[in-house]
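# Architecture at a glance
This is what each chain is made of:
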Amino acid sequence: MKKIGSNKRKGFTLVEILVVVVILGMLAAIIIPNVVGQTDEARRTLAATQIKEIENTLDIYRLHNGFYPTTEQGLEALVTKPTTNPQPKKYTEGGYMKKVPLDPWGNPFIYRSPGDKGLVDIICCGPDGEESTGNNITNHDI
């Protein structure tokens, strides 16, 4: 005796597999460009946030000491008390930051005081790490 339903197939046909692969490919073509583009924008937003944090910390330094650190003293003056002139008289014990962050691409921020565009310039060079390429994010842009 033959069982009823014993002719049922098991597995998928090649056509069914190809349809699924095409659908997945179309979804990937739509989703991947949107997700990949967001990574760079997220890094730019993080850089702007870091610059704002550094700028606020520099303002506190200036309120305590009457001046910003010089370009030579750099942002390290926010971590350890400068030993070069002008030396801060009311430096906060333990510094103003635990460490100076690197930008989201792993490069140090550029600091100038006095700056070209204002009292201080804080510059993130962006993904290429080059100041002159136009990818810069500065405290004056925020």
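The structure we're discussing is the one just above.
My aim in this report is to walk through the structure given alongside it, one point at a time. Just so you know, these numbers come straight off a predicted model, no measurement behind them. Along each chain, residue indices are assigned from 1 in the same order as the chain's sequence is written. Where totals are concerned, whole chains, interfaces and linings use all residues; where local detail is concerned, this predicted model gives features only for residues with pLDDT of at least 70, and gives and counts side-chain atom pairs only at 80 or more. The side-chain values count all of the structure's non-hydrogen atoms but skip hydrogen atoms and water molecules.

Time to look at the packing of aromatic side chains. In this scheme Phe, Tyr and Trp rings, the latter by its six-membered ring, pair at centre separations within 6.5 Å, and the angle between planes marks the pair as stacked below 30 degrees, edge-to-face above 60, and tilted otherwise. Per the stated rule, a full pass over the model turns up four aromatic pairs. Arranged with centres 5.1 Å apart and planes meeting at 90°, the rings of Tyr91 and Tyr96 form a pair that is edge-to-face. In this structure, Tyr91 and Tyr96 share a single accessibility class: buried. One aromatic cluster is present, formed by Tyr61, Phe67, Tyr91 and Tyr96 through successive ring pairs. Burial classification: accessible surface area is computed with a 1.4 Å probe over protein chains only, and a residue below 20% of its type maximum counts as buried, one above 50% as exposed, and the rest as partly exposed.

On to a nonpolar patch on the surface, then. Together, Val15, Val19, Val20, Ile23, Leu24, Leu27, Ile30, Ile31 and Val35 give the surface a local cluster of nonpolar side chains, amounting to about 830 Å² of exposed area. Each helix corresponds to a stretch of at least 4 residues labelled H or I by DSSP, and each strand to a stretch of at least 2 residues labelled E; elements are numbered beginning at the N terminus. Residue position: Val15 is located in helix H1 (residues 14-65). Excluding any residue in a salt bridge, patches collect residues exceeding 30% relative accessible area, merging like charges within 9 Å and nonpolar Val, Leu, Ile, Met, Phe, Trp and Tyr side chains within 5 Å. The method behind every accessible area is Shrake-Rupley, applied with a 1.4 Å probe, and residues are considered shielded solely by the protein chains displayed. Salt bridges, as used here, are contacts in which a Lys or Arg side-chain nitrogen is within 4 Å of a carboxyl oxygen on Asp or Glu.

Take unusual backbone geometry next. What you tend to see is this: most non-glycine residues have negative phi, and most peptide bonds are trans. Of the consecutive residues Asn85 and Pro86, the connecting peptide bond is found in the cis state with omega at -5°. Relative to the helices and strands, Pro86 is located in the loop between H1 and strand S1 (110-112). A cis amide bond links Ser113 with the next residue in sequence, Pro114, at an omega value of 0°. By secondary structure assignment, the location of Pro114 is in the loop between S1 and strand S2 (121-124).

What follows deals with the sheet that holds S2. Strands pair, by our definition, only if DSSP identifies at least two bridges between them. Taking strand neighbours across the sheet as the criterion, the three strands line up as S1-S2-S3 in an open arrangement whose pairing is antiparallel. The sheet is open, and its two borders are formed by S1 and strand S3 (137-138), each paired with just one other strand. Relative to S2, S1 is paired through three bridges, and the arrangement is antiparallel. Within S2, the residue paired with Ile110 across the bridge is Ile123.

These values are about where atoms sit, not about what they do.
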